[in-house]
Amino acid sequence: MAVGKSAAKNIEKLREEIRRHEDLYYVQDSPEISDRDYDQLLEELQKLEQAHPELITPDSPTQRVGGRPAEGFAEVVHSRPMLSLDNTYNIEELRAFDERCRKLADGRPFEYVAELKIDGLSLSLKYEKGVLAQGVTRGDGRIGEEVTQNARTIRSVPLRLKSGAKDLDGDVEVRGEVFIPLEVFRKTNAEREEQGEPRFANPRNAAAGAIRQLDSRLVANRRLDMFAYDLLVGGRKPFATHWESLDWLEKAGFRVNSHRKLCKSIDEVIDFANEKEALRDDLGYEIDGLVVKVNSTAQQDDFGATQKAPRWAAAYKYPARQASTQVLDIVVQVGRTGALTPVANLEPVFLAGTTVSRATLHNEDEIKRLGLKIGDWVMIEKSGEIIPKVLSVITAKRKGNEKPFKPPKKCPVCGGEISRPEGEVVTRCIAADCSAQLMGRLLHFASRRAMRIEGLGEVLVIQLVEAKLVKDVGDLYELTLEQVAGLPRMAKKSATNLLDQIEASKSRDLSSLIYALGIRHVGERTAGILAKQFVSLQRLAEATVEELDDVPEIGLTVAESVRDWFDDDGNRKLCDRLRAAGVKTELGKSNDETADQRFAGKQFVLTGKMETFTRDEARSLIEARGGRVNSSVSKKTDFVVAGEEAGSKLDKATELGVAVIDEAGFKTMME
Ligand code: IVH
């Protein structure tokens, strides 16, 4: 009995510790320990719970991983309907909303709360005695679907309310918007394309698809996130103002969007709207406007609601990020896997802050679906992807001289054979010596998330391939100073730098190497799982399909793809050469993590444009030195690195008294 008691105590202590780190990481964006240390804590808890399954509770951090596929979702009637909002599309309409509110307020003063309108889907979470008991989608507003198991996989959803918030009498319901961060959305789409699945049209569809996924283990992979925006206790609002509810939600452990403002007048709301619209590209998630709410709960009750929407709130929608332009040509690019991707070259057009001259068309079927011809006028849209996409053809603008797109019969780069297997959407060049594929493989190998060879960009890769100095990634490790310095426009100093970078890449960790090899279906996350499981490249190369398939979260497609890759003679030789060159092929701490750790524990935020580094470069420089880069400024931020045209993050830093350094200062820190 005594043993059981102490196990229970240990388990609870560990859970508290893990919850604290989850909150620091997912909600406050300021972790105190490394991901690896966090994983270790979670594993420790898993082991303890396996030994004492009777002690597992639904609010244990281990319960986020997802469970078996559900048969379908149960329907749940909402305690209070989840209404939608009336939309306003311009300042006049927003002022008209204000007029209506003032009439309803009958001369009494009132305030507004302005918030960002997150473009996701709403979710209601019920907490019983402080523990997450149920998650329900909005559905038709009256009846939603029960997705509790999926809601649990959202790391910023507390499984148990934090004790810092004032105790509320009764069952708590929290409503908020679930969304998928843009980075995850882009990765998800790239992976889907790789696997021959259709891409999601936008982040909202990706999030909606994920939350309604029957197998919650797959939801956990999709890394959903949530901003909480409403609180009910026993079906009623517990505070006198909405502002206080938001405050409580934050204290209770939810992510509440920091871009919010208490406004005394509609003019302040309008200023806020304009200010935030400029931030749209920097947020890391999609917003489609603002939500304006009357702050006082009593006044909200007074104003009431129509069948569809409350009278005390409105959405102010930002204009869709669309533009029309002409398709000048359709060119076909060849990627590292040989995939042929048609891209539309456009008459340059200004769209939401940038000049756009290309739009991706994804594949031949997409061109057919759009009915697109060269010379057509089209609508294009920025929808979370880096490159905008073609939405539709404006057929009314056709002149009759538009030309149909003729899909290539051979690889447009190497002239080699191409093939489109039955049932797949992607056509691929299957030539073994295609230079476009080689360039793609080299760029992928050298990329930040793979072997991080700084400076090995597109221009240099083209030069190395054209000079026939590099025929596979293994050749990178045999380059000499003489060869590199002999390339056109290459100074000796840059050549030395490149070789230093290549040398440094030898000590990247095993998961980066596995990802860098570019095995089909093996993304960053899968690479991490494989590295952890097999511990060395050698062991991975020997694993059978069955062994691979047995690994949690690894499916048969991945298992077969990995086996196929290592069954190839050329690939096996490549692995031997990498090992012989001194590339680290075993799990363990990588050198770059142990060497220069001058930024260990320091938190950075990057804003504005720098001359010498891209954001990604600055981020990897910081991370390689043990620092962490966050997206928003908080009291815990140590440094804000501000380049040209730095925006609101700089203001926030000044407001909070966080140290701000410019590009020159940043370089000095690095020396
Ligand atoms: S308040 C009655 N606040 O927008 C109050 N909604 O078009 C309704 N949304 O269904 C919700 N961000 O899914 C609110 N800060 C925010 C929001 C937000 C996004 C969504 C929500 C709602 C839809 C209405």
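To be clear, the structure that these remarks concern was listed above.
Notes on the structure follow. (Residues numbered from 1 in each chain as written. Predicted model: local features only at pLDDT ≥ 70, side-chain atom pairs only at ≥ 80, totals over all residues. Heavy atoms only, no water.)

Things to note about the overall build of the chain
For step 1, the next point in the chain: Scanning the chain for helices and strands turns up 25 helices and 24 strands.
For step 2, the next point in the chain: Over its C-alpha atoms the chain spans a radius of gyration of 27 Å, differing by no more than 12% from the 26 Å that the globule rule assigns to 671 residues.
For step 3, the next point in the chain: With the C-alpha coordinates aligned to their principal axes, the bounding extent of the chain is approximately 85 × 80 × 55 Å.
For step 4, the next point in the chain: Taken over 671 residues, the chain has a buried fraction of 48%.
For step 5, the next point in the chain: A separation threshold of at least 6 residues defines the contact pool for the chain, and within that pool the share at least 24 residues apart is 68%.
For step 6, the next point in the chain: Total accessible area on the chain stands at roughly 32800 Å², and carbon and sulfur atoms take up 50% of it. (Helix = DSSP H or I, 4+ residues; strand = E, 2+ residues; numbered from the N terminus. Rg over C-alpha atoms; globule rule 2.2 N^0.38 Å. Buried < 20%, exposed > 50% of the residue type's maximum accessible area, 1.4 Å probe, protein only. Contact = heavy atoms within 4.5 Å. Areas by Shrake-Rupley, 256 points an atom, 1.4 Å probe, with all protein chains shown as cover.)

Topic: the side chain of Glu173
For step 1, the next point in the chain: Inspection of the secondary structure assignment puts Glu173 in strand 7 (residues 172-179).
For step 2, the next point in the chain: Relative accessible area serves as the criterion here: at 4%, Glu173 is assigned to the buried category.
For step 3, the next point in the chain: Within the local environment of Glu173, its side chain forms a polar contact with the side chain of Ser79, the two groups lying 2.8 Å apart.
For step 4, the next point in the chain: Of note is the side chain of Glu173, whose polar atom sits 2.7 Å from the side chain of Arg175.
For step 5, the next point in the chain: Leaving out residues up to four positions away in the same chain, Glu173 has contacts with Ser79, Ser124, Leu125, Lys126, Asp230, Leu231 and Leu232. (Polar contact = N/O pair within 3.5 Å; in protein donor to acceptor, adjacent residues only side chain to side chain.)

Here we look at the packing of helix 20 (residues 556-567) against helix 21 (residues 569-581)
For step 1, the next point in the chain: Put simply, helix 20 and helix 21 touch, their axes get as near as 5 Å, and they point 80 degrees apart. Judged by the inter-axis angle, helix 20 sits roughly perpendicular to helix 21. From helix 20, Trp565, Phe566 and Asp567 reach across to helix 21, where they touch Asp569, Asn571, Arg572, Leu574 and Cys575.
For step 2, the next point in the chain: Class assignment of the residues belonging to the contact of helix 20 with helix 21 gives a composition of 4 nonpolar, 1 polar and 3 charged. (Axes fitted to C-alpha atoms, helices over the stretch in contact; angles between N-to-C directions. Parallel < 35°, antiparallel > 145°, perpendicular 65-115°, else oblique. Nonpolar A, V, L, I, M, F, W, Y, C, P; charged D, E, K, R; others polar.)

A look at the site of the ligand
For step 1, the next point in the chain: Leu83, Leu85, Glu115, Leu116, Lys117, Ile118, Ser122, Glu177, Tyr229, Val291, Lys293 and Pro310 make up every residue found near the ligand.
For step 2, the next point in the chain: For the ligand, a nitrogen atom lies 3.1 Å from a polar atom in the backbone of Ile118.
For step 3, the next point in the chain: For the ligand, the accessible surface in isolation is 520 Å², of which the surrounding protein chains cover 88%.
For step 4, the next point in the chain: Ranked by the residues each element gives to the shell around the ligand, the list is headed by strand 3 (residues 112-118), at 4 residues.
For step 5, the next point in the chain: The class makeup of the residues in the shell around the ligand is 7 nonpolar, 1 polar and 4 charged. (Near = heavy atom within 4 Å.)

Observations concerning the sheet that holds strand 8 (residues 225-233)
For step 1, the next point in the chain: Spatial strand order, 5-4-7-8: 4 strands in an open sheet with antiparallel pairing. Each end of this open sheet is capped by a strand with a single partner; those strands are strand 5 (131-137) and strand 8. The mean angle between the axes of side-by-side strands here comes to 30 degrees, regardless of whether they run parallel or antiparallel.
For step 2, the next point in the chain: Here strand 4 (residues 121-128) runs beside strand 7; their pairing, made up of 7 bridges, is antiparallel. If you follow Tyr127 over to strand 7, its bridge partner there is Val172.
For step 3, the next point in the chain: Of the strands in this sheet, strand 4, strand 5 and strand 7 touch helix 6 (residues 203-211), which is tilted by about 40 degrees from strand 4. (Pairing = 2+ DSSP bridges.)

A look at the pattern of salt bridges
For step 1, the next point in the chain: As enumerated under the stated definition, the model contains 46 salt bridges in all.
For step 2, the next point in the chain: Salt-bridge contacts for Glu43 lead to Lys532; the nearest nitrogen and oxygen are separated by 3.7 Å. Taken together, the residues span a long stretch of sequence, with Glu43 in helix 2 (residues 35-51) and Lys532 in helix 17 (residues 524-534) at a distance of 489 residues.
For step 3, the next point in the chain: The class for Lys532 is partly exposed, based on a relative accessible area of 47%.
For step 4, the next point in the chain: Between Glu183 and Arg449 there is a salt bridge; the shortest N-O distance is 2.3 Å. Of this pair, Glu183 sits in helix 5 (residues 182-194) while Arg449 sits in the loop between helix 12 (435-446) and helix 13 (458-466), and the two are 266 residues apart along the sequence.
For step 5, the next point in the chain: Here Glu183 falls in the partly exposed class, since its relative accessible area comes to 44%.
For step 6, the next point in the chain: Via salt bridges that share partners, Glu12, Arg15, Glu16, Arg19, Glu49, Asp59 and Arg160 belong to a single interconnected network. (Salt bridge = Lys/Arg side-chain N within 4 Å of Asp/Glu carboxyl O.)

Some thoughts on the sheet that holds strand 11 (residues 313-317)
For step 1, the next point in the chain: In space, the 5 strands of this open sheet follow the order 2-11-10-3-9, with mixed pairing throughout. Either end of the sheet is taken by a strand with one partner, and the two such strands are strand 2 (86-88) and strand 9 (260-263). Shown here is a sheet whose adjacent strand axes are inclined to one another by a mean of 30 degrees, direction ignored.
For step 2, the next point in the chain: Note: strand 3 against strand 10 (residues 287-294), 7 bridges, orientation antiparallel. Residue Glu115 lies in a different strand from strand 10, and its bridge partner there is Val291.

Remember that the coordinates give geometry; whether it matters functionally is a separate question.
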